[in-house]
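Chains, contacts and geometry: an overview
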Amino acid sequence: MLSDIKMKLNSKSARLGTAVASIFLSLVLLLGLAGGCKTADDTENEDDTPVVTEVSYPLTVTDQLGRTVTIQSEPQTIVSLSPSNTETIYAMGLEDKLVGVTTYCNYPEAAADKPKVGGFSTVDVEAVTAIGPDIILASNLHESTVIPQLKQLGLTVIAISPDNLEEVISSIELIGKCLNQVEKANSLVDGMQTRIDAVTAKVKNLSDSQKPRVLYIIWYEPLMSVGSTAFITDLITAAGGVSITADSVEAYPTISLETVLGANPQVIVVGTGMGSGADAPLIFMQDEPRLAAIDARINGNIYSINTDLIGRTGPRIVDALEQLAQMLHPEIFGAFSG
Amino acid sequence: MGVNTSLNKENCPAVPGGLHPHWQGRLYAMLGLLGLLLLAAIFAISFGSVEVPFFTTISIIISKIPFIHISPDWTVNTQIIIWDIRLPRVLLAGVVGMALAVAGATYQGLFCNPLADPYLIGVAQGAAVGAVLGLILGIGFDILGIFATPLFAFVGAFGAVGVVYMLARVGNRLTVTTLILAGVALGSFLTAVVSYLITVSGDKIHSVMFWLMGSFSMAAWDSVKIVVPIVIIGTIVILLFARSLNLIQLGEEQAQELGVDVERMKIFLLTAATLITAAAVSFVGIIGFVGIIVPHAVRLIWGADYRFLLPLSALVGAVFMIMADIASRTLVAPNEIPVGAITALVGAPFFLYLLRKRTRMLF
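Described in the following lines is the structure provided in the data block. (Residues numbered from 1 in each chain as written. Chains lettered and ligands numbered in written order. Predicted model: local features only at pLDDT ≥ 70, side-chain atom pairs only at ≥ 80, totals over all residues.)

1. Brief notes about the overall build of chain A
Note the cut-off: Under the DSSP-based scheme used, a helix requires at least four consecutive residues in state H or I and a strand at least two consecutive residues in state E, with every element numbered from the N terminus. Field definition: a residue is buried when 20 or more other C-beta atoms are found within 10 Å of its C-beta, exposed when 12 or fewer are, and partly exposed for counts in between, with C-beta atoms placed from the backbone. Residues are defined as contacting one another if the C-beta atoms placed from their backbone atoms lie within 7 Å.
Helix and strand counts for chain A come out as 14 helices and twelve strands. Counting across all 338 residues of chain A, residues that qualify as buried make up 43%. Of the contacts made within chain A by residues no fewer than 6 positions apart, 57% connect residues no fewer than 24 positions apart.

This is how it looks when you write it as structure tokens:
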């Protein structure tokens, strides 16, 4: 899987490299071709380490919203517009370059001391402009309003918007490339991939009957779960479960109690956050009398997971995957201890 | 009733229609609507995202009748789906539809204003501020559980109407125009408050929006047990004033001369209509159009005599809401569309159709 993505990325960069190089130096052209050659025999490259770790600027990349962005020189200052981007920067050890974060960036704790540029969806464009960072790491939430504004102000914005585990990996690789920190990104990604593989290897041969029916609960009033395009659905699949709402076309469908009873989930996972009333969905799922006869309630398989962990598509998503795996398959991964 | 149509139009031009001479037809209509209500309810109980055979559905309901014993050949979860999820939901939808339609008819009659709906004097906006505050702050959930939001909404609704009432009361008299103006002004203010609250609602925004659009998805016997008695008592009080509502269409002075204690009637009707609206809104959120469209549709078809208009509105409101709820939970099952979106999408065009068809009765 990973080598697939790398091959895609490498061949893409090779093509772009060729395009850029033809305008500039023939030496760069040779480099670009060299990269292309490497991808061709990537399958033979057992240790999976890309050879090209130095990035040349100006660098043109395609971000995760499909936008083509050219970065003029190696970015020295970064503003992160999402908690997951902030976590990725810290995990790569690049926090010294981070000059602006959101008010929701609470991990690691030191991130809270960085200058704030607004909330998640409500970005203070003036504050960002005042800082004038070399690169801004945004998310799909900013696609329609914030990104065009920042772009018009001449700022460089990269949108990070992974829809599944594979794209989390490629998003970190993309960030590494943009920042000319390919090696740091690779070592972070390799560590994550090893842990992901450790989980998926143990669940991939399970038969359908061994995969529990899982209900993930976002909120209870109304009941909200995760649909086919939601990141969490992919995570449940990777952890060896089947989300009972996986067929829903909406990313975050509202469902009825009836649907829950009809599907009779064996495991219920409730996302809980911080603040008052955060436990309310968990309490509802544990106490609602009409759910008393479903398998998850009878067997006591109702768990809560920190939404900061499972909701952020950064490096800690692997922690969420491992926790989910324990909840769904205690017989393989050991009981979940919370 | 010796009320004549031309007088009616002169003094209360805003409310269209005259008294229908053939009361028998409207009695048959009531019986027919009762039958339709029963059919709609049975239909609603048999439909859902989970397939339950019709015979099983009926058996489960019959088995709940005292002294009748049917040995169950269905699972516990099937019984819960029929008896504890669908039945309370259908009952709640019916009762809320009835409450909104009756309250709408009452406000229209009391204010002599065809634009009046149950939310005119701030009930919905007050409820919205209460509910949204409760949802955002997340307080009371530990103790009150699913009753936290309804309680906040109810307090908000009555708080808002209380303020409007104080503002509109001059001495011992309650001026209807002042009441409407105060209600609209306070309503706009509260709507602005809700808009602000939405911007700071963060990850609660979905719950907030869902509540604002209205839904029966949280219906349970517990909420039915609270809403049904309130709506029934309120509706009975309103029905007792049906004749007075007819007379007030002549104008307040005329009604007074004909022996109606107008101020007393206003207090009773306002309290009752506000109570049933607040009870409905608190538990299911803001469902629009029913309160304004149903009474007008009834007026257009069966005339404006409140002795028939009120019960007919109650029945049509109940049937309409049950049907709208069926659509809301089956159109894109297992997802749910907010029922308020359905009532607006279906109700508004149907009303416009009636309006076009019966133009002569209106003007």
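Don't stop here, the text continues.
2. A word on the overall build of chain B
What counts here: Computation of the radius of gyration draws on C-alpha atoms alone. For the globule rule, the value is 2.2 Å times the number of residues to the power 0.38.
Helix and strand content of chain B: 17 helices and two strands. Radius of gyration (C-alpha) of chain B: 21 Å, near the 21 Å computed for a compact globule of 363 residues. Once the C-alpha set of chain B is aligned to its principal axes, its extents read approximately 65 × 50 × 40 Å. Expressed as a percentage of the 363 residues in chain B, the buried residues total 49%. Summarising the internal contacts of chain B: among those between residues at least 6 apart in sequence, 78% fall at separations of at least 24.

3. Describing the nonpolar core
Cut-off, in case you're wondering: Linking buried Ala, Val, Leu, Ile, Met, Phe, Trp, Tyr and Cys residues through C-beta atoms within 7 Å yields a set, and such a set is a nonpolar core. The split of the chain into domains comes from an automatic or database domain assignment.
Of all hydrophobic cores here, the largest spans 197 residues; its most connected members are Ala99, Ile276 and Ala280 of chain B. Take this core: its biggest share by element is 21 residues, from helix H4 (residues 76-111) of chain B. Shared between two domains, this core takes at least three residues from each, and those domains are domain 2 (53-193) and domain 3 (206-333) of chain A. Beyond its immediate chain neighbours, meaning those up to four positions away, alanine 280 of chain B contacts Val96, Ala99, Leu100, Val227 and Val231 of chain B.

4. Observations concerning the interface of chain B and chain A
The line we're drawing: Residue classes follow a fixed rule: Ala, Val, Leu, Ile, Met, Phe, Trp, Tyr, Cys and Pro count as nonpolar, while Asp, Glu, Lys and Arg count as charged, and any other residue, Gly among them, counts as polar.
Tallying the contact residues gives 26 residues for chain B and 24 residues for chain A. Those elements that provide at least two residues to the side of chain B that touches chain A are H4 and helix H9 (205-213) of chain B. No other element matches the six residues that H4 of chain B contributes to the side of chain B that touches chain A. Residue composition of the side of chain B that touches chain A, by class: twelve nonpolar, ten polar and four charged.

5. Examining the sheet that holds strand S5 (residues 135-138) of chain A
All names here are of chain A. Threshold: Pairing between two strands requires that DSSP report at least two bridges joining them. To get an axis, fit a line to the C-alpha atoms, keeping to the stretch in contact for a helix; angles then go from 0 to 180 degrees between the N-to-C directions.
Within the open sheet, the four strands sit side by side as S4-S3-S5-S6. Their pairing is parallel. At either margin of the open sheet sits one strand with a lone partner, and together these are strand S4 (98-100) and strand S6 (157-159). Strand after strand, the sheet turns through a mean of 30 degrees between neighbouring axes, direction not considered. Taken together, the three bridges between strand S3 (residues 78-80) and S5 define a ladder with parallel strand orientation. In the strand pairing of S5, serine 80 is matched with leucine 137. The sheet strands contacting helix H3 (residues 83-91) are S3, S4 and S5, and the helix crosses S3 at an angle near 135 degrees.

6. Thoughts on the packing of helix H5 (residues 123-137) of chain B against H9 of chain B
Residue and element names in this part refer to chain B. Going by this rule: Here is the rule for angles: anything less than 35 degrees is roughly parallel, anything more than 145 is roughly antiparallel, 65 through 115 is roughly perpendicular, and the remaining ranges are oblique. For any helix crossing, the convention is left-handed if the near helix is rotated counterclockwise from the far helix by under a right angle, and right-handed if that rotation is clockwise.
At a minimum axis separation of 10 Å, H5 and H9 run at an interaxial angle of 155 degrees. What the angle tells us is that H5 and H9 run roughly antiparallel. For H5 against H9, the interelement crossing comes out right-handed. On the side of H5, the interface is formed by Ala128, Ala131, Val132 and Leu135, while H9 contributes Ser207, Val208, Trp211 and Leu212.

7. So, the sheet that holds strand S12 (residues 302-306) of chain A
Residues and elements named next belong to chain A. With parallel pairing, the four strands of this open sheet are ordered in space as S10-S7-S11-S12. At either margin of the open sheet sits one strand with a lone partner, and together these are strand S10 (242-243) and S12. Pairing of strand S7 (residues 213-217) with S10 involves two bridges; the strand directions are parallel. Bridged to valine 214 within S10 is serine 243.

8. Points about the packing of helix H6 (residues 165-178) of chain A against helix H7 (residues 182-203) of chain A
Residue and element names in this part refer to chain A. Packing of H6 against H7 leaves a shortest axis separation of 7 Å and a crossing angle of 165 degrees. Judged by the inter-axis angle, H6 sits roughly antiparallel to H7. Relative to H7, the crossing made by H6 is right-handed. For the pair H6 and H7, the contacting residues are Leu165, Ile169, Ile172, Glu173, Ile175, Gly176 and Lys177 in the first and Val182, Lys184, Ala185, Asn186, Leu188, Val189, Met192, Gln193 and Ile196 in the second. Class assignment for the residues of the contact of H6 with H7 results in ten nonpolar, three polar and three charged.

9. Section: helix H10 (residues 221-240) of chain B
All names here are of chain B. Note the following rule: Every helix has an expected span of 1.5 Å times one less than the residues it contains. Relevant arc is that of directions from the helix axis to the C-beta atoms, nothing else.
Compared with the 28 Å implied by 1.5 Å per residue over 20 residues, the 28 Å span of H10 between its first and last C-alpha is a close match. Looking at H10, one finds that the buried residues are Ser223, Val227, Ile230, Val231, Gly234, Thr235 and Ile238. For H10, the angular spread of the buried residues around the axis is 130 degrees, confining them to a single face. Structural note: H10 exposes Lys225, Pro229 and Ile236 on the side pointing more than 90 degrees away from its buried face.

10. Some details on the environment of serine 82 of chain A
Structurally, the position occupied by serine 82 of chain A is in the loop between S3 and H3. Sequence separation between serine 82 of chain A and isoleucine 268 of chain A is 186 residues; the distance between their C-alpha atoms is 28 Å.

11. Considerations on the pairing of S5 of chain A
Residue and element names in this part refer to chain A. As a reminder, the rule being used: Handedness of a crossover is defined as follows: with both strands directed away from the viewer, a clockwise route from the first strand across the helix to the second makes it right-handed.
Neither face of S5 is open: one carries Ile135 and Leu137, the other Ile136 and Ala138, and all of them are buried. Here S5 pairs with S6 via three bridges, running parallel. Each bridged residue has a counterpart across the sheet, and for isoleucine 136 the counterpart in S6 is valine 157. The handedness of the S5 to S6 crossover, carried by helix H5 (residues 146-152), is right-handed.

12. Concerning the pairing of strand S2 (residues 68-71) of chain A
Residues and elements named next belong to chain A. Sheet topology places strand S1 (residues 59-62) next to S2; four bridges connect them, and they run antiparallel. Among the inter-strand pairings, valine 61 is bridged to a residue of S2, identified as valine 69. The antiparallel pairing of S1 with S2 creates a hairpin that spans five residues between the two strands, and glycine 66 there sits at a positive phi of about 80 degrees.

13. Comments concerning the environment of asparagine 301 of chain A
All names here are of chain A. Summarising the element assignment, asparagine 301 is placed in the loop between helix H11 (295-298) and S12. Exposure remark for asparagine 301: the 20 C-beta atoms within 10 Å place this residue in the buried category. Taking the C-alpha atoms as reference points, asparagine 301 and leucine 215, 86 residues apart in sequence, are found 11 Å from one another. What asparagine 301 contacts, discounting residues up to four positions off in sequence, is Gln266, Val267, Ile268 and Ala296.

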